[in-house]
Amino acid sequence: MTRLLRVAAFLALKSIVKGNVGVIILTIFMLILVTMNLLFVPGLINGANASMNTILIKTYSGDIIIGPGGDKTVINHVDDLIAGIESIDGVVAASARNDINAYITFEDERVGRVITGIDPKREKAVFDVAESLIEGRYLDSRDRGQILLGVQLAGADLEDIELYSSSLRHVHAGDKVVVTYSNGLEKQYTVKGIFDTGFIQSDLQAFVTELEFNSVTPNMNNKASSVRVKIEDGTDPDRIIGRIASLRSGLDFQTWDETAGLVESMTESFVLINQILNVVNYLIAGITVFIVTYVDVINRRRQIGIQRAIGIKSHSITISYLIRALFYAIVGLIIGILAFKYVIIPIEARHPFEFPFGPAYLTTKPVYTVRMAFALLVVSLVAAFIPVWRVMRIKILDAIWG
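## Quick word on the overall build of the chain
At step 1: From N to C terminus, the chain includes 12 helices and 14 strands.
At step 2: The C-alpha atoms of the chain give 32 Å as radius of gyration, which overshoots the globular expectation for 402 residues (21 Å, by more than 25%).
At step 3: On the principal axes, the C-alpha backbone points of the chain span a range of 100 × 50 × 35 Å.
At step 4: Looking at the chain as a whole, 45% of its 402 residues qualify as buried.
At step 5: In the chain, the proportion of contacts linking residues at least 24 apart, taken out of those at least 6 apart, comes to 76%.
At step 6: Of the accessible surface of the chain, which amounts to about 20,400 Å², a share of 58% is contributed by carbon and sulfur atoms.
At step 7: Averaging the positions of the 38 positive and the 40 negative side-chain charges in the chain gives two centres separated by 19 Å.

Below, the structure written as structure tokens:
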């Protein structure tokens, strides 16, 4: 067995050293491109997914959403609950929210939307909406008669936004809108600011201060429709949920990923696209190695017949071609992985892909890279084995004399 492998290695080395340099370079170049393609799409998907999850948490859901449990519609004594939540190790901040359905009218446009009452100071501690203002200023705790709108709701004359046709279209900071609440109350508000987080669901929100909200619905004082909680990075949300549940019973809990229906749908679509492209890339790699090996064994069929006639085992010849295929694949993988990590990723980091939910940065996962490399090596071996196996089935004299 050892002699067989030594002979195979010798034949492979001579084949590579004395082979056509152009063919070898072209083969390795094709495998480099395949490697980078196999890394690029999942890297982009992982980056987009991470970007979506981050912006969802920071502008829409928070890490944990607490709602009233059972048949209750509100959380009572919310100030005491928030004080207890913020005393838990691993919790950064918590913010209460109150929601009420309403219609917002500006000129000839009328949009149905949920108006959310917030404590601006607490909201800033939980969410990054205040950092996404494109017009005006963020709310202050004592503001009355002021409203904060997302760009997908305001429109702001930005005709290229996704939901412009169903927005208020022409609203800017300083304009006055009329809000008709579901309890029948109608009030005029000055738009204090407009924000654009890059995430559609977040940019459909409308906020007033807790002080203003309680003037519209006085019975909601010290009550909340929900409480949003921000936790420290790396903290187990289930542990925090357990601690909060011990503070008060009758609450309902959701983590951010349980609210990510749109994000999950987009991720599933990306994964399906990735799988299809992976199949194509593996086929390209396999066909490349197959053609190079097939052409070589056909052109060298007589030489292979002579090698077999002088006593070189068929297994040694076959293994030599497999070693050569491994050489191509390994060199292509190494160069492709290094180029992707140290060239493509830094370039993309300076010029990231822009999605509707924000920039997406390429990432790599060692587990996926190892799995991809193993699959590419297997494909290369199979693609090289098939033409060699067919030639090895030809009788020695037929191989020599054609």
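After that view, the rundown keeps rolling.
## A word on the pairing of strand S11 (residues 226–231)
At step 1: With 5 of 6 residues buried, S11 is to be regarded as a mostly interior element.
At step 2: In the sheet, strand S1 (residues 64–68) pairs with S11 via 3 bridges, with the strands oriented antiparallel. In the strand pairing of S11, Ile64 is matched with Val229.
At step 3: In this structure, strand S3 (residues 91–106) lies alongside S11, joined through 6 bridges in antiparallel fashion. When the bridges of S11 are listed, Ala94 appears paired with Val229.

## Quick look at the pattern of salt bridges
Pairing of side chains with opposite charge becomes possible as their charged atoms draw close.
At step 1: Tallied over the full model, the rule gives 7 salt bridges.
At step 2: Between Glu123 and Arg97 there is a salt bridge whose closest N-O contact spans 3.0 Å. Taken together, the residues span a long stretch of sequence, with Glu123 in helix H4 (residues 120–126) and Arg97 in strand S3 at a distance of 26 residues. For the pair Glu123 and Arg97, one class covers both residues: buried.
At step 3: Of the charged contacts, one joins Arg169 and Glu109 as a salt bridge, the two residues approaching to 3.4 Å between their closest N and O atoms. Of the two residues, Arg169 is situated in the loop between helix H5 (151–154) and strand S7 (176–181) and Glu109 in strand S4 (residues 109–118); the sequence distance between them amounts to 60 residues.
At step 4: Residue Glu109 is classed as partly exposed on the basis of its relative accessible area of 24%.
At step 5: Linked by salt bridges that have partners in common, Asp140, Asp143 and Lys192 make up one network.

## What about the domain arrangement of the chain?
At step 1: Annotation of the chain at the domain level lists domain 1 (2–55 + 263–401) and domain 2 (71–249).
At step 2: One C-alpha centre belongs to domain 1, the other to domain 2, and the line joining them spans 52 Å.

## Things to note about the pairing of strand S9 (residues 206–209)
At step 1: Burial of the side chains of S9 extends over both faces: Ala206 and Val208 are buried on one face and Phe207 and Thr209 on the other.
At step 2: Pairing of S4 with S9 involves 4 bridges; the strand directions are parallel. Each bridged residue has a counterpart across the sheet, and for Thr116 the counterpart in S9 is Phe207.

## Considerations on empty space enclosed by the protein
At step 1: Enumeration according to the criterion identifies 2 cavities of 30 Å³ or more in this entry.
At step 2: The calculated volume of the second largest cavity comes to roughly 40 Å³.
At step 3: Considering the residues around the second largest cavity, the lining is formed by Leu39, Pro42, Gly43, Asn46, Thr363, Thr364, Lys365, Tyr368 and Thr369.
At step 4: Contributing elements (two or more residues each) for the lining of the second largest cavity: helix H2 (21–61) and helix H11 (366–392).
At step 5: With 4 residues, the top contributor of residues to the lining of the second largest cavity is H2.

## Topic: a nonpolar patch on the surface
At step 1: A cluster of nonpolar side chains, namely Val279, Leu283, Ile287, Ile291, Tyr294, Val295 and Ile298, defines an oily patch on the protein surface of about 610 Å² accessible area.
At step 2: Tracing the chain through its elements places Leu283 in helix H8 (residues 261–299).

## Examining the environment of Ala349
At step 1: Within the secondary structure layout, Ala349 lies in helix H10 (residues 314–350).
At step 2: By relative accessible area, which is 41% here, Ala349 ends up partly exposed.
At step 3: Sequence separation between Ala349 and Leu362 is 13 residues, and the spatial gap between their C-alpha atoms is 7.4 Å.

## Re the packing of aromatic side chains
At step 1: A full pass over the atoms with the stated rule returns 5 aromatic pairs.
At step 2: Between the aromatic rings of Phe40 and Phe353, the centroid separation amounts to 5.9 Å while the plane-to-plane angle is 75°, which identifies the pairing as edge-to-face. One end of the pair, Phe40, is in helix H2; the other, Phe353, is in strand S13 (residues 353–355), and 313 residues separate them in sequence.
At step 3: On the numbers, 6.5 Å between centres and 80° between planes, the contact of Tyr181 with Tyr189 is edge-to-face. Of the two residues, Tyr181 and Tyr189, neither departs from the other in class, the shared state being buried.
At step 4: In this structure, Arg110 is placed above the aromatic ring of Tyr103, and the distance from its NZ or CZ to the ring centre is 4.0 Å.

Rules used in this analysis
Residues numbered from 1 in each chain as written. Predicted model: local features only at pLDDT ≥ 70, side-chain atom pairs only at ≥ 80, totals over all residues. Heavy atoms only, no water. Helix = DSSP H or I, 4+ residues; strand = E, 2+ residues; numbered from the N terminus. Rg over C-alpha atoms; globule rule 2.2 N^0.38 Å. Buried < 20%, exposed > 50% of the residue type's maximum accessible area, 1.4 Å probe, protein only. Contact = heavy atoms within 4.5 Å. Areas by Shrake-Rupley, 256 points an atom, 1.4 Å probe, with all protein chains shown as cover. Lys, Arg positive; Asp, Glu negative; His and termini not counted. Charge placed at Lys NZ, Arg CZ, Asp CG, Glu CD. Pairing = 2+ DSSP bridges. Salt bridge = Lys/Arg side-chain N within 4 Å of Asp/Glu carboxyl O. Domains from an automatic or database assignment. 1 Å grid on protein atoms, 1.4 Å probe; cavity = no way out; pocket = protein on both sides within 12 Å on 5 of 7 lines; lining within 4 Å. Points joined across faces, edges and corners; volume = space filled by probe spheres on them. Patch = residues over 30% accessible without salt bridge, like charges linked within 9 Å, V, L, I, M, F, W, Y side chains within 5 Å. Phe/Tyr/Trp six-rings, centres within 6.5 Å; stacked < 30°, edge-to-face > 60°. Lys NZ or Arg CZ within 6 Å of the ring centre and 35° of its normal.

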